[in-house]
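If you want the building blocks of each chain, they are given just below.
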Amino acid sequence: MFVSPVIGLVAGYLVMTVILWIFRRANPHKAKRGFRIAQTVSAAGMALGHGLQDAQKTMGIVVMALVIADVEDYGDPIPVWVKVACAVMLSLGTYAGGWRIMRTLGRKIIELDPPQGFAAETTGASIMFGSAFLFHAPISTTHVITSSIMGVGATKRVNAVRWGVARNIILGWFITMPAAAVVAAVSFGIVKLAFL
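Keep in mind the model is a prediction, meaning the values are calculated, not measured.

Regarding the overall build of the chain
In step 1: Check the secondary structure of the chain and you find six helices and zero strands.
In step 2: If you list the helices and strands of the chain from N to C, you get α-α-α-α-α-α.
In step 3: Dimensions along the principal axes, computed over C-alpha positions, put the chain at roughly 70 × 35 × 30 Å.
In step 4: Here the chain, with 196 residues, has 33% of them falling under the buried criterion.
In step 5: Nonlocal contacts in the chain, meaning residues at least 24 apart in sequence, comprise 80% of its contacts between residues at least 6 apart.
In step 6: With the model as given, the accessible surface of the chain reaches about 12,500 Å², and the carbon-plus-sulfur share is 73%.
In step 7: Between the centroid of the 17 positive side chains of the chain and the centroid of its 8 negative side chains there is a distance of 23 Å.

Quick look at the nonpolar core
In step 1: Counting residues in hydrophobic clusters, the biggest one holds 23 residues, and the most contacted among them are Leu105, Ile109, Ile145 and Ile149.
In step 2: Grouped together as the second largest cluster of nonpolar side chains are six residues, Ala55, Met59, Leu66 and Val82 included.

Re helix 3 (residues 80–108)
In step 1: Given a rise of 1.5 Å per residue, 29 residues ought to cover 42 Å, and the 39 Å separating the end C-alpha atoms of helix 3 matches this to within 8%.
In step 2: Taken as a whole, helix 3 has its buried residues at Val82, Cys86, Gly97, Gly98, Leu105 and Gly106.
In step 3: Buried residues along helix 3 sit against helix 2 (28–68), helix 5 (141–154) and helix 6 (163–195).

Considering the packing of aromatic side chains
In step 1: Within the structure shown, the criterion is met by three aromatic pairs.
In step 2: Between Phe23 and Phe35, the ring centres sit 5.0 Å apart and the planes meet at 70°, which makes this aromatic pair edge-to-face. Separated by 12 residues along the polypeptide, Phe23 in the loop between helix 1 (3–22) and helix 2 and Phe35 in helix 2 bring together distant segments of the chain.
In step 3: Take Phe35: its relative accessible area is 7%, and that puts it in the buried class.
In step 4: Centre to centre, the rings of Phe35 and Phe118 are 5.4 Å apart; their planes meet at 55°, and the pair counts as tilted. Note that Phe35 is positioned in helix 2 and Phe118 in helix 4 (residues 114–133), a separation of 83 residues in sequence.
In step 5: Grouped by ring-pair contacts, the aromatic residues Phe23, Phe35 and Phe118 constitute a single cluster.
In step 6: Over the face of the ring belonging to Trp21 we find Arg24, whose NZ or CZ atom lies 4.3 Å from the ring centre.

Rules behind the numbers
Residues numbered from 1 in each chain as written. Predicted model: local features only at pLDDT ≥ 70, side-chain atom pairs only at ≥ 80, totals over all residues. Heavy atoms only, no water. Helix = DSSP H or I, 4+ residues; strand = E, 2+ residues; numbered from the N terminus. Buried < 20%, exposed > 50% of the residue type's maximum accessible area, 1.4 Å probe, protein only. Contact = heavy atoms within 4.5 Å. Areas by Shrake-Rupley, 256 points an atom, 1.4 Å probe, with all protein chains shown as cover. Lys, Arg positive; Asp, Glu negative; His and termini not counted. Charge placed at Lys NZ, Arg CZ, Asp CG, Glu CD. Core = buried A, V, L, I, M, F, W, Y, C linked by side-chain atoms within 4.5 Å. Expected span 1.5 Å × (residues − 1). Phe/Tyr/Trp six-rings, centres within 6.5 Å; stacked < 30°, edge-to-face > 60°. Lys NZ or Arg CZ within 6 Å of the ring centre and 35° of its normal.

Honestly, it's all geometry; don't read function into it.
Have a look at this one:
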């Protein structure tokens, strides 16, 4: 959680630097059109990485609840209905609010053009696949893609990135964990008082 945003920032900067160097003599109009097409692949990679990372964490929480409730035993395979339910909920959540997140990431941190979008998505997807397959470590899709966009944007000019927006997003990351812990503790206390 703490390392992946730094890796995303640095890797995004490096990937965009390589792209700028490789296409330094290319016709900008043709290059942007090519990257717009390539973004179809990089966006699909991001979507798959999002499912690999965030759905797994959700399934883990549901299975943990099932084990605690003695519905499942430790070590049992994940029930198919849990996989389907988590996939459906993740899809519905992305459908309902994903456009606001994409607008914030693609326009408010920095106005991404197709080469920058391709670089950020490729970087984010690569980090998510690497952490899932090599290290079996869950990371946040939002952390990785946000920091990748910051790194990509910094190749234009450091002050091209709206660091105030980025700071608010990062502050939200740090507030979320303790806030969730407080809400969970209060909820547990209420349930304990009401039913025990």
